[in-house]
Amino acid sequence: MASHQNGQHQYGVTEPLSTAGPTEADLARDRELDKFLVEAGLYESQEESMLREEVLGHLDQIVKLWVKKISISRGYSDQVVQEANAKIFTFGSYRLGVHGPGTDIDTLCIGPRHATREEDFFIVLHNMLLEMPEVTELHPVPDAHVPILKFKFKGISIDLLYARLALWVIPEDLDISQESILCNVDEQSVRSLNGCRVTDQILRLVPNIQTFRTTLRCMKLWAKRRGVYSNVTGFLGGVNWALLVARICQLYPNAVPSMLVSRFFRVYTQWRWPNPVMLCEIEEGSLGLPVWDPRKNPRDRLHLMPIITPAYPCMNSSYNVSTSTLRVMTEQFESANEVCKAVEMKQADWSALFETYPFFEAYKNYLQIDIMAADQDDLRAWKGWVESRLRQLTLKIERDTFGMLQCHPYPCEFVDPSKQVQNTAFFMGLQRRQGVPIREGQQFDIRGTVDEFRHSVSSYCYRKPGMCIYVSHVRRKQIPVFVFPDGVRPPRPSRIGLPSSKSGSPGSKGGSPPSKQGQLGDENDDVPRQGTKRGAEMPLEGVTEVPQKLRAQSLDSAIGLSVSRARAASISSAAVGPGDLATDELDDIPLSNTHKRVSDVPLDKLSDSFKKQRSPTGSYILTRTSSGRSEDELEDSAPKRTVNGQSTMVSKSGLVSISVNGSKTGHISTNRSILEERSKGRGFMESQ
């Protein structure tokens with residue numbers, strides 16, 4: 001919470017890093033940044049702003065009419081019908097004041113106890129909206145983590161949530177910031193209310209609201225252009241970026257936006273994840289609702305990039321982040337930090353920071369997921385479902401290859417105009433884990449992974465005829481032209497890689513200096529692949545009939561224990577044949593056999609050094625230390641783990657460390673010592 005010290009108002013859980021104000025050079029850069037934002041079209045016109053207010057007014061009248069209609073149908077008295085009320089609240093980018101042209105409005109409908117979600121909201125209100133000519137593209141998502149109605153009202157996109165309070169009458173002056181508002185409400189209503197409560201709390205916890213808004217506009221634009229703005233894909237969404245920016249505003253309370261953008265990348269490049277980002281202390285509350293606490297909740301220990309919401313009940317807003325997406329974001333932070341240094345030294349301008357990330361030049365291999373449906377409405381529903389499952393595909397690939405095959409899901413979607421049916425396509429960049437020696441002829445077979453994904457997607461309960469999905473492996477030269485602007489493939493430089501702060505010029509194109517990470521098999525791009533065809537001609541349902549294999553290098557000693565021991569117990573599968581999905585330099589080298597996933601092998605078939613531990617994010621064979629002692633034997637003698645030169649104890653509740661190339665590492669969960677550190681430190685390393 002904010003506090004008073006030495007006559008100054010302190011925001012956040014620690015003292016500021018600096019209370020210095022801007023210099024003349026900072027103010028000059030700030031004017032340049034503001035000019036760039038205006039030219040980038042981030043601010044909506046007065047006409048659109050007035051239209052949004054008009055739409056919200058109409059929507060508020062609709063829900064009031066809806067509640068009265070429900071009250072009449074329930075047979076309530078005239079007095080109850082007259083007093084019946086519902087109210088619309090906004091949250092997200094619109095409530096924060098950082099929305100731009102064409103963005104949607106996050107809204108919350110709060111209704112009385114007799115207005116149910118399942119019947120009244122998703123049926124009665126849905127049908128009322130369906131009959132209105134102003135409403136288009138109406139799409140209910142009742143099974144989402146936070147149930148939602150999506151639609152357009154007079155062309156303005158609306159995301160409408162519902163919270164059912166334990167009140168017979170909803171007052172017009174309802175204050176949802178009070179903790180008592182959460183009494184006797186269901187879990188979905190708590191999540192829905194949390195959006196508004198978090199937004200309001202963020203605005204209370206930043207030193208300067210206008211400075212916060214401008215900085216957040218910058219960060220959202222940067223994240224979208226760099227392909228890391230998407231909560232559903234495993235990156236960060238609007239509330240995540242708002243919380244990260246708000247923390248920087250607390251650490252530099254007197255800085256202007258140009259300074260805060262630079263400090264943002266400086267701080268988060270050095271942040272020691274999974275230390276949490278928090279705007280205030282976590283409150284236990286009096287209602288007994290679960291809050292984020294790795295000391296008590298085993299699932300919370302598995303979160304890789306905790307960004308904690310400031311309103312009770314405090315939750316991790318970034319639980320979707322995976323190993324792959326955290327890696328991508330960390331690399332993007334490092335690249336942007338170098339560009340900001342160049343801007344401060346007048347070696348680059350702000351446009352260099354906001355260059356679009358050249359995703360289709362960064363990898364040699366890609367996974368293409370084509371989604372099709374009979375009409376636009378079916379595609380909208382089908383695409384939303386499949387997109388929500390793509391994160392699981394990334395997690396499964398990480399799990400089944402022990403992190404040896406790295407995925408980079410791209411949150412943008414593309415449409416192929418040459419197809420006669422409604423369609424959209426998503427892409428994932430694929431590459432072998434960097435910095436590990438290559439052992440020729442050894443691969444992971446993840447056909448089972450794709451099959452698992454197929455079963456997950458096929459479970460969609462609203463699936464209709466014509467809804468289908470195709471999966472294919474495409475190399476860089478085979479990327480379809482419809483993904484490029486104007487359908488024209490740009491000339492490709494000889495080397496392009498993921499961002500690296502250790503090589504190249506800070507002001508290079510896209511802020512992405514050349515690195516080794518994009519050089520996988522570049523020399524072989526022009527080598528024809530005999531007998532290999534695109535898998536896009538085969539629907540995912542047919543993956544078991546046609547060999548469809550996505551291979552990656554498997555490397556001995558890559559996890560500290562010989563992977564070959566597990567392979568010795570695995571069952572050989574079919575040999576590689578035409579139509580296989582393959583990756584890396586071994587694309588054109590025929591292999592005699594492949595192997596099943598270790599996770600498919602019964603535990604009694606593995607050596608006792610390989611005990612499988614299941615978790616929400618996958619399976620890890622990490623329950624033995626390099627000394628051979630089991631986790632149970634480490635109750636009072638947890639091993640030490642060295643990170644950034646500091647020694648950390650691993651609690652019994654965490655995963656046990658293993659030896660990698662002679663040094664201790666491991667999937668170590670957040671433990672008590674790390675949590676206690678947050679009260680003493682800021683969660684990141686000081687600059688050298």
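Residues numbered from 1 in each chain as written. Predicted model: local features only at pLDDT ≥ 70, side-chain atom pairs only at ≥ 80, totals over all residues. Heavy atoms only, no water.

Taking an unreviewed UniProt entry as the reference, the protein is identified by name as polynucleotide adenylyltransferase belonging to Ceratopteris richardii. We quote the UniProt Catalytic activity (unreviewed entry) comment for the protein here in full: "RNA(n) + ATP = RNA(n)-3'-adenine ribonucleotide + diphosphate". In its Subcellular location (unreviewed entry) section, UniProt records this for the protein: "Nucleus". (UniProt positions renumbered as here; feature names shortened; annotations may be inferred.)

Asker: How should the overall build of the protein be read in this particular structure?
Answerer: When helices and strands are tallied, the protein shows 15 helices and 19 strands. Here the protein, with 688 residues, has 55% of them falling under the buried criterion. For the protein, the exposed surface amounts to about 29900 Å²; the carbon and sulfur share of it is 50%. (Helix = DSSP H or I, 4+ residues; strand = E, 2+ residues; numbered from the N terminus. Buried < 20%, exposed > 50% of the residue type's maximum accessible area, 1.4 Å probe, protein only. Areas by Shrake-Rupley, 256 points an atom, 1.4 Å probe, with all protein chains shown as cover.)

Asker: Just checking my understanding: could you explain the sheet that holds strand 12 (residues 468–475) for this structure?
Answerer: Pairing between the strands of a sheet comes from backbone hydrogen bonds, and it takes one of two forms, parallel or antiparallel. Taken together, the 4 strands give an open sheet; going across it, the order is 9-10-8-12, and neighbouring strands pair in antiparallel fashion. Each edge of the sheet is formed by a strand with only one pairing partner; in this case those strands are strand 9 (405–414) and strand 12. Mean inter-strand twist for the sheet, computed between neighbouring axes without regard to direction, equals 20°. Note that strand 8 (residues 365–373) and strand 10 (residues 422–432) share 9 bridges and pair antiparallel. Looking at strand 10, one finds that A373 is bridged to Q422. Across the sheet, helix 12 (residues 376–400) lies against strand 8, strand 9, strand 10 and strand 12, angled at about 10° from strand 10, the strand it touches most. (Pairing = 2+ DSSP bridges. Axes fitted to C-alpha atoms, helices over the stretch in contact; angles between N-to-C directions. Contact = heavy atoms within 4.5 Å.)

Asker: What is the right way to look at helix 2 (residues 46–73) in this model?
Answerer: Because the α-helix completes a turn every 3.6 residues, residues three or four places apart line up on one side. Taking 1.5 Å of rise per residue, 28 residues should cover 40 Å, and helix 2 covers 41 Å from first to last C-alpha, within 8% of that figure. Backbone geometry just after helix 2 places G75 at a positive phi near 80°. (Expected span 1.5 Å × (residues − 1).)

Asker: I'm lost on the pairing of strand 9 in this one. Help?
Answerer: Consecutive side chains along a regular strand alternate between the two faces of the sheet. Within strand 9, 8 of the 10 residues are buried, leaving the element largely enclosed by the surrounding structure. In terms of strand pairing, strand 9 meets strand 10 through 7 bridges, oriented antiparallel. Each residue of the ladder has a partner; that of F414, found in strand 10, is A425.

Asker: Help me understand the packing of helix 9 (residues 257–270) against helix 10 (residues 323–344), please; the structure alone is not making it clear to me.
Answerer: Two quantities define a packed helix pair, namely the angle between the helix axes and the distance between the axes. Their axes nearest at 9 Å, the elements helix 9 and helix 10 cross at an angle of 140°. Regarding the angle of helix 9 to helix 10, the classification is oblique. In terms of crossing hand, the pair formed by helix 9 and helix 10 is left-handed. Taken together, the residues of helix 10 that come into contact with helix 9 (itself represented by V261, S262, R263, F264, F265, R266, Y268 and T269) are F333, E334, A336, N337, C340 and E344. Class assignment for the residues of the contact of helix 9 with helix 10 results in 7 nonpolar, 3 polar and 4 charged. (Parallel < 35°, antiparallel > 145°, perpendicular 65-115°, else oblique. Left-handed = near helix turned anticlockwise from the far one by under 90°. Nonpolar A, V, L, I, M, F, W, Y, C, P; charged D, E, K, R; others polar.)

Asker: Even after reading the chapter, I still don't get the pattern of salt bridges, so can you show me in this structure?
Answerer: Pairing is possible between side chains of opposite charge, provided their charged atoms come close. Evaluated as defined, the whole model comprises 27 salt bridges. Put simply, R52 and E48 hold a salt bridge, and the shortest N to O gap is 3.2 Å. Of this pair, R52 and E48 both sit in helix 2, separated by 4 residues, roughly a single helical turn. Neither R52 nor E48 differs from the other in exposure class; each is buried. Ionic pairing is found between R327 and E331, a salt bridge with its closest N-O pair at 3.7 Å. Here R327 and its partner E331 are both found in helix 10, 4 residues apart, which amounts to about one turn of the helix. Several salt bridges converge on common partners, so that one network encompasses D60, K64, K87 and E172. (Salt bridge = Lys/Arg side-chain N within 4 Å of Asp/Glu carboxyl O.)

Asker: What is the right way to look at unusual backbone geometry in this model?
Answerer: Leaving glycine aside, a negative phi is the common case for residues, and trans is the common case for peptide bonds. A cis geometry characterises the amide bond from W273 onward to P274, with omega recorded as 10°. By secondary structure assignment, the location of P274 is in the loop between helix 9 and helix 10. Between Y312 and P313 the backbone carries a cis peptide bond, its omega angle lying at -5°. Note on placement: P313 falls in the loop between helix 9 and helix 10.

Asker: Before we go on, may I ask you to explain the environment of A342 in this structure?
Answerer: On the secondary structure map, A342 appears in helix 10. Residues A342 and L353, 11 residues apart in the sequence, show an inter-C-alpha distance of 9.8 Å.

Asker: Whenever I open this one, the packing of aromatic side chains confuses me. Can you help?
Answerer: Ring pairs (aromatic) are described by centroid distance and by the angle formed between their planes. Under the defined criterion, the tally for this structure stands at 34 aromatic pairs. Between the aromatic rings of F359 and F360, the centroid separation amounts to 5.0 Å while the plane-to-plane angle is 80°, which identifies the pairing as edge-to-face. Arranged with centres 5.6 Å apart and planes meeting at 65°, the rings of F360 and F414 form a pair that is edge-to-face. Here F360 is found in helix 11 (residues 359–362), whereas its partner F414 is found in strand 9, with 54 residues between them in sequence. In this pair, the class of F360 matches that of F414, namely buried. An aromatic cluster is built from W222, W241, F264, F265, Y268, W271, W273 and F333, whose rings are joined through pairwise contacts. (Phe/Tyr/Trp six-rings, centres within 6.5 Å; stacked < 30°, edge-to-face > 60°.)

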